[in-house]
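This is what each chain is made of:
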Amino acid sequence: MLESQNTSKWYDRIWAAFIFFTRLPFWRIYQPPRDAYKAVVEFWPLAGWLTAGGMAGVLYFASLLLPWEIAVLIAIAFRMLITGALHEDGLADFFDGFGCGGNDRQRILSIMKDSHIGTFGVISILLYVLLLFFSIHSMNPIEATITILVADPYAKMLSSVVTQVLQYARTEETAKNKTLYRRFSFIACISLALQGLIPLAFFLWWMQPRVNIIMFPLLLLLVPCIVMLFLILLIKRRINGYTGDCCGAVCVLTELSIYIFVSSYFMQL
């Protein structure tokens, strides 16, 4: 059962989210109480503001000095560096487990917990990086920079739904991070929505003169939601619960769907 109470302060939870979802040395400045980590998902999109801002900044300034292809690769590498490839690791484990485990729930969970990467994991990472690279590369530096600032927080906002509609597939003792996330309060839901939707609102305002003011926002909202829903149904059917690797996979695949949709839309303008 997920924890319903959390006695930590709001700033403890934000700090815990920055520590948990990045490899930046926030822990050297302040170490929040253990209880705060049960609520880190509530500030996942806010951590996305940080990782997206870093990736977008590196991409834009690198593009002023280097060929566009190299700038894109450096930006992708930088994002993986500051997150410790946390979500990409989840993607690889997810594909290994769901690809090799068949319909055996325990085998899938066992494979996902194994630190070794398999064939499905290698292929998933390779295809993910290629699709990410080419979708960003197809945009110009301004378009790509702004899209990154939107895609990362919005995808993390959507992916947080996984922890609320599915139960955790393991016990707290067998969890990789030894933590079960709590259920969202009403205030947490509002906060989470604002974290994910504020960048999106600015993006739609910036795009307004260039796109259909009805179809583009509608599709931008729906495409990643459809991807998220498909993955949730798949996860529920195969293991009837989520793991951290499932959350990571949903996050990067949902985010990737945004890049692919936006880049294809830009190509038609």
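Structural data are supplied above this passage.
I will try to describe carefully the structure that is included in this document. (Residues numbered from 1 in each chain as written. Predicted model: local features only at pLDDT ≥ 70, side-chain atom pairs only at ≥ 80, totals over all residues. Heavy atoms only, no water.)

As a further point, take the overall build of the protein. Regarding its fold elements, the protein presents eleven helices and zero strands. Each helix (α) and strand (β) of the protein, taken in turn from the N terminus, gives the series α-α-α-α-α-α-α-α-α-α-α. The C-alpha atoms of the protein give 18 Å as radius of gyration, which agrees with the globular expectation for 269 residues (18 Å, within 12%). For the C-alpha atoms alone, the extent of the protein along its principal axes is close to 50 × 40 × 40 Å. Looking at the protein residue by residue over its 269 residues, the buried ones come to 51%. Here the protein displays about 12800 Å² of accessible surface, and carbon together with sulfur accounts for 71% of that area. (Helix = DSSP H or I, 4+ residues; strand = E, 2+ residues; numbered from the N terminus. Rg over C-alpha atoms; globule rule 2.2 N^0.38 Å. Buried < 20%, exposed > 50% of the residue type's maximum accessible area, 1.4 Å probe, protein only. Areas by Shrake-Rupley, 256 points an atom, 1.4 Å probe, with all protein chains shown as cover.)

Here we take up the packing of aromatic side chains. Here the structure, examined in full by the defined rule, presents 16 aromatic pairs. Ring centres 6.1 Å apart and planes at 45 degrees place the aromatic pair phenylalanine 203 and phenylalanine 216 in the tilted group. Taken together, the residues phenylalanine 203 in helix 9 (residues 186-207) and phenylalanine 216 in helix 10 (residues 215-239) connect sequence positions 13 residues apart. Phenylalanine 216 shares its class with phenylalanine 203; the two are buried. One aromatic cluster is present, formed by Phe203, Trp206, Phe216, Phe261 and Tyr265 through successive ring pairs. (Phe/Tyr/Trp six-rings, centres within 6.5 Å; stacked < 30°, edge-to-face > 60°.)

In this section: the side chain of glutamine 164. Here glutamine 164 lies in helix 8 (residues 162-165). At 3.4 Å, the side chain of glutamine 164 forms a polar contact with the backbone oxygen of arginine 182. Excluding residues within four positions of it along the chain, glutamine 164 makes contact with Arg182, Arg183 and Phe184. (Polar contact = N/O pair within 3.5 Å; in protein donor to acceptor, adjacent residues only side chain to side chain. Contact = heavy atoms within 4.5 Å.)

Buried residues of helix 5 (residues 105-113): Ile108, Leu109, Ile111 and Met112, and no others. Buried residues in helix 5, looked at end-on, bunch into an arc of 165 degrees, giving them a common side. On its buried face, helix 5 is in contact with helix 4 (86-100), helix 10 and helix 11 (244-268). A side-chain oxygen of the first residue of helix 5 lies 3.1 Å from the backbone nitrogen of glutamine 106; this N-cap is aspartate 104. (Arc of directions from axis to C-beta.)

A few words on the environment of threonine 51. Considering the arrangement of structural elements, one finds threonine 51 in helix 2 (residues 44-65). Since its relative accessible area comes to 0%, threonine 51 is described here as buried. Each C-alpha atom of the pair threonine 51 and phenylalanine 18 lies 9.6 Å from the other, and the pair is 33 residues apart in sequence. For threonine 51, the side chain forms a polar contact with the side chain of aspartate 152, separated by 2.8 Å.

A word on the environment of leucine 24. Tracing the backbone through its elements, the reader meets leucine 24 in the loop between helix 1 (10-21) and helix 2. When its relative accessible area of 29% is taken as the criterion, leucine 24 is described as partly exposed. On a C-alpha basis, the gap between leucine 24 and leucine 81 in space is 9.3 Å, while along the polypeptide they are 57 residues apart. In this structure, leucine 24 is in contact with Leu50 and Ile82, ignoring residues within four places of it in sequence.

Okay, the side chain of threonine 254 next. Relative to the assigned elements, threonine 254 resides in helix 11. What makes threonine 254 buried here is its relative accessible area of 0%. If we skip the residues at most four places from it in the chain, threonine 254 touches Ala155, Leu158, Ser159, Pro224, Val227 and Met228.

Moving on, we come to the pattern of salt bridges. Within the structure shown, the criterion is met by four salt bridges. Between aspartate 152 and arginine 79 there is a salt bridge, and its shortest N-O distance comes to 3.1 Å. Taken together, the residues span a long stretch of sequence, with aspartate 152 in helix 7 (residues 141-159) and arginine 79 in helix 3 (residues 68-83) at a distance of 73 residues. The burial state of aspartate 152 is the same as that of arginine 79; both residues are buried. With a closest N to O distance of 3.0 Å, glutamate 255 and arginine 79 form a salt bridge. Taken as a pair, glutamate 255 in helix 11 and arginine 79 in helix 3 lie far apart in primary sequence, 176 residues in all. (Salt bridge = Lys/Arg side-chain N within 4 Å of Asp/Glu carboxyl O.)

A few words now on unusual backbone geometry. Even without being a glycine, alanine 85 presents a positive backbone phi close to 50 degrees. Mapping alanine 85 onto the fold places it in the loop between helix 3 and helix 4. A relative accessible area of 23% places alanine 85 in the partly exposed class. Positive phi, normally seen in glycine, also occurs at asparagine 240, with a value near 50 degrees. Of note, asparagine 240 is situated in the loop between helix 10 and helix 11.

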